[in-house]
Amino acid sequence: MAGWEGSNRRQTLPPNWAEIRSRILKRDGGRCQWVRGDTQRKCLRPATDVDHRISSADGGTDDDSNLQSLCGWHHRWKSSHEGGQASGAARRAHKQAAPKPVHPGLVADRRELEPPPF
Ligand SMILES: [Zn+2]
């Protein structure tokens, strides 16, 4: 069955995932642990997901130390930028390609309306 190959993007979760998940959410105070690239501060929005810091595709484990609570927005952002291959290097490259400085007045306005860029 060729169909099985390539559909491996979904990570395999341990059988007691529900238990692990609630433990991690509790440990993190139910808040998103994503550190924003622009402010170096944690997002701290209400967390709805538990994420592998290093995905299992990249050799990450299901150990608590590799798990973090994320809000839905950051989980989606991370997942869509991960793709099973992108790691630190890709993220740095992405950052270097970041938009050039805009007039501060304009930036302030847009930040209010858009979700965090990182
Ligand atoms: Zn977040």
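Throughout this description, residue numbers start from 1 for each chain and increase along the sequence as written. Reporting of local features is limited, given that this is a predicted model, to residues whose pLDDT is at least 70; pairs of side-chain atoms are given and counted only at 80 or more, and all residues count toward the totals for whole chains, interfaces and linings.

As a further point, take the overall build of the protein. Counting from the N terminus, the helices are the DSSP runs of H or I reaching at least four residues and the strands are the DSSP runs of E reaching at least two. In terms of regular secondary structure, the protein is built from four helices and two strands. A burial count over the protein gives 13% of its 118 residues as buried. Contacts here follow a simple rule: the backbone-placed C-beta atoms of the two residues must lie within 7 Å. Sequence-distant contacts, at least 24 apart, represent 56% of the contacts inside the protein between residues at least 6 apart. Burial in this document is a count-based property: other C-beta atoms within 10 Å of a residue's C-beta are tallied, and the residue is buried at 20 or more, exposed at 12 or fewer, or partly exposed in between, with C-beta positions derived from the backbone.

Taking every second residue as pointing to the same face, both faces of strand 2 (residues 67–70) are buried, with Leu67 and Ser69 on one and Gln68 and Leu70 on the other. Bridge count for strand 1 (residues 49–52) against strand 2 is four bridges, and the pairing is antiparallel. The residue of strand 2 that forms the bridge with Asp51 is Gln68. Think of it this way: DSSP has to see at least two bridges between two strands before they count as a pair.

Looking at the secondary structure, you find Asp28 in the loop between helix 1 (17–27) and strand 1. Sequence separation of Asp28 and Ser69 is 41 residues, and the distance between their C-alpha atoms is 6.4 Å. Beyond its immediate sequence surroundings of up to four residues, Asp28 is in contact with Gln33, Ala47, Gln68 and Ser69.

So, about the nonpolar core. Nonpolar core, as used here: buried Ala, Val, Leu, Ile, Met, Phe, Trp, Tyr and Cys residues forming one set through C-beta atoms within 7 Å. By size, the foremost hydrophobic cluster in this structure holds six residues: Cys32, Trp34, Cys43, Ala47, Leu70 and Cys71. In this structure Cys32 touches Lys42, Cys43, Leu44, Arg45, Ala47, Ser69, Leu70, Cys71 and His74, once residues within four positions along its chain are discounted.

Let us now look at unusual backbone geometry. The phi angle at Gln40 is positive, at roughly 60 degrees, despite the residue not being glycine. One can find Gln40 in the loop between helix 1 and strand 1. Not every positive phi belongs to a glycine, and Leu44 is a case in point at roughly 65 degrees. Relative to the assigned elements, Leu44 resides in the loop between helix 1 and strand 1. On the basis of neighbour count, Leu44 is assigned to the partly exposed category, with 16 C-beta atoms found within 10 Å.

What pLDDT conveys is the predictor's confidence in a given residue, as a value from 0 to 100. Residue-level pLDDT values for the protein average 78, and 60% of them are 70 or greater. Mean pLDDT in the protein bottoms out at helix 4 (residues 104–113), which sits at 50, and peaks at strand 2, which reaches 98. Confidence over residues 108–113 falls short of pLDDT 50; this stretch has zero contacts with residues more than four positions distant or in other chains.

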